[in-house]
Amino acid sequence: MHTVVVGTSGVTASDVLAVARGGARIELSAEAVAALAAAREIVDALAAKPEPVYGVSTGFGALATRHISQELRAQLQRNIVRSHAAGMGPRVEREVVRALMFLRLKTVCSGHTGVRPEVAQTMADVLNAGITPVVHEYGSLGCSGDLAPLSHCALTLMGEGDAEGSDGVVRPAGELLAEHGIAPVELREKEGLALLNGTDGMLGMLVMALADLDTLYKSADVTAALSMEALLGTDRVLAPELHAIRPHPGQGASAANMLAVLKGSQLTGHHQDDAPRVQDAYSVRCAPQVAGAGRDTLAHARLVAERELASAVDNPVVLPGGTSQASGSGGGRVESNGNFHGAPVAYVLDFLAIAAADLGSIAERRTDRLLDKNRSHGLPPFLADDAGVDSGLMIAQYTQAALVSEMKRLAVPASADSIPSSAMQEDHVSMGWSAARKLRTAVGNLARIIAVELYAATRAIELREGLSPAPASRAVIDAVRAAGVQGPGPDRFLAPDLAAADAFVRGGRLVAAAESVTGPLA
């Protein structure tokens, strides 16, 4: 099994995916253990001082003015976890919770949180045991981190609350820890707060969305090329020299992908035949411009994710050196800060939802064109076998249109909102968790929209008798038929075909089929 070693300098997106989706094991590096111990010495020294230090010997949020005596500090740390584990609604997906916990461990191991090495090791042990805390949909405002979701994870470390075992059964967390020989943690000064205060949930969902969208943008290039073929469009608009004079990188990559898929097609270039037209519709002609803009948005979001993956997000943080009142042994100090604010991540989550909605919208327009006998250049109405008796793909397009409509609603930015909390101490928040949750829905919808276009375009190409599609298109058609997506014929129960097409797209098999001929797509 793959092992991810967590050090002091952050993790990579591939590490997150390996743990969240691949079940990779986690080890702490010797460097991380040493950094944890050194930071803990600073916190212990501060805890012994009579002066109050936020997060070490005070309350939290609007209650930060109270100095907490030493005999109450362990209770304070337990209480913050218990009281903040206040989520509601449906359970969050297992992969999201694993990403959330792993990314919190990443920050803990940075040596800037003051958490003891044994607490970090327990976090790794819980993940390695396949124990997944029950985390709920609602509870994060995306500022002071993803507080409620992280609190539910911390509750599991204490042996409290509910969690899912590796067998998928939800049970009391204490039972699961005992079965795996994991001792519940007894939290000390600052540790409860350090386990809750980060952007880890929204970041984990951003990393996974980026991975999924990378596949979906390639898939959309392939289905756009198939639709161009099915509509007898011209591939001259994909010429590299046209895209070189508007040098957006994503646009050029998308056009190159479409051109590679269409190489050798006998279907393109017939726009001047029986019913001549000067230009193809925007949904066909401008496909690289729209998909390319989304690709460039992905690149920007990836840069933000990489920066956040290299970050240590906590409040307060432990820093070396300094002479502030909150100084401990060796000159180390604890400082309050605002690095927990989720705005950088929230903005790109919302931006990606906008780009995904537009990509879904243009794919739906191409699908509708394939089904309209007045605009499809010779294809039967709704690609039906016997139009009138058969309805063909009429309602498949309804489903696609409903998905696009929801995508547009999901594109409304969550990060444009803010609602004050904690008695106006936390008076501006990012709503980044909400942005991440709606993006997950949008990504799933986009896969379904592309699957409907794939279903329509492959059927339309097979209805074009006497002209051969490009070899890459033929490979896609053969692969999708082998995957259980049926071709032209009389009306049948469509939902299973659409579900098979959706799985084909999500699993990367559409891209793989095209690449079996074209080589790697950009």
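Bear in mind that the values here come from a model prediction, so they are computed numbers and not experimental data. (Residues numbered from 1 in each chain as written. Predicted model: local features only at pLDDT ≥ 70, side-chain atom pairs only at ≥ 80, totals over all residues. Heavy atoms only, no water.)

Novice: Run through the overall build of the chain, naming residues and quoting values.
Specialist: From N to C terminus, the chain includes 19 helices and nine strands. Once the C-alpha set of the chain is aligned to its principal axes, its extents read approximately 90 × 50 × 40 Å. Buried positions account for 56% of the 522 residues belonging to the chain. Contacts in the chain between residues at least 24 apart in sequence constitute 77% of all its contacts with a sequence separation of at least 6. Only carbon and sulfur atoms are counted for the fraction: they give 55% of the accessible area of the chain, which is about 20300 Å². Across the chain, the mean location of the 45 positive side-chain charges is 2 Å away from that of the 57 negative side-chain charges. (Helix = DSSP H or I, 4+ residues; strand = E, 2+ residues; numbered from the N terminus. Buried < 20%, exposed > 50% of the residue type's maximum accessible area, 1.4 Å probe, protein only. Contact = heavy atoms within 4.5 Å. Areas by Shrake-Rupley, 256 points an atom, 1.4 Å probe, with all protein chains shown as cover. Lys, Arg positive; Asp, Glu negative; His and termini not counted. Charge placed at Lys NZ, Arg CZ, Asp CG, Glu CD.)

Novice: Run through unusual backbone geometry, naming residues and quoting values.
Specialist: In this chain, asparagine 315 is followed by proline 316 through a cis amide linkage whose omega measures 0 degrees. Mapped onto the elements of the fold, proline 316 is located in the loop between helix H13 (287-309) and strand E8 (317-319). Not every positive phi belongs to a glycine, and histidine 377 is a case in point at roughly 60 degrees. Here histidine 377 lies in the loop between helix H14 (343-371) and helix H15 (394-410).

Novice: Which residues make up the pairing of strand E1 (residues 3-6), and what are the values?
Specialist: Only one face of E1 is covered, namely the face carrying Val4 and Val6; the face carrying Thr3 and Val5 is uncovered. The sheet contact formed by E1 and strand E2 (residues 25-28) spans four bridges and is parallel. The residue bridging valine 5 from the neighbouring strand is glutamate 27, located in E2. Taking the sense of rotation as the criterion, the β-α-β connection linking E1, helix H1 (residues 13-20) and E2 turns out right-handed. (Pairing = 2+ DSSP bridges. Right-handed = clockwise from strand over helix to strand, strands pointing away.)

Novice: Outline the packing of helix H9 (residues 200-230) against helix H19 (residues 509-518), listing residues and values.
Specialist: Two numbers describe how H9 lies on H19: the axes approach to 9 Å, and their chain directions differ by 55 degrees. Judged on the interaxial angle alone, H19 and H9 are oblique. Crossing geometry of H9 relative to H19 is assigned as left-handed. On H19, the residues touching Thr215, Lys218, Ser219, Val222 and Thr223 of H9 are Leu510, Val511 and Ala514. (Axes fitted to C-alpha atoms, helices over the stretch in contact; angles between N-to-C directions. Parallel < 35°, antiparallel > 145°, perpendicular 65-115°, else oblique. Left-handed = near helix turned anticlockwise from the far one by under 90°.)

Novice: Can you break down the packing of H15 against helix H16 (residues 432-463) residue by residue, with the values?
Specialist: Closest axis-to-axis distance for the H15/H16 pair is 9 Å, and the angle between their directions is 155 degrees. As the angle between them shows, H15 and H16 are arranged roughly antiparallel. H16 is crossed by H15, and the crossing has left-handed handedness. Across the interface between the two elements, Ala396, Gln400, Leu403, Val404, Glu406, Met407 and Leu410 from H15 touch Lys438, Thr441, Ala442, Asn445, Leu446, Arg448, Ile449, Val452 and Glu453 from H16. For the contact of H15 with H16, the residue count by class is nine nonpolar, three polar and four charged. (Nonpolar A, V, L, I, M, F, W, Y, C, P; charged D, E, K, R; others polar.)

Novice: Can you tell me about the sheet that holds strand E4 (residues 132-133), naming the residues and giving the values?
Specialist: Pairing is antiparallel across the open sheet formed by three strands, whose spatial order is E4-E6-E7. The strands lining the two open edges of the sheet, one partner per strand, are E4 and strand E7 (170-172). In this structure, strand E6 (residues 162-164) lies alongside E7, joined through three bridges in antiparallel fashion. Across the sheet, aspartate 162 pairs through a bridge with proline 172, a residue of E7.

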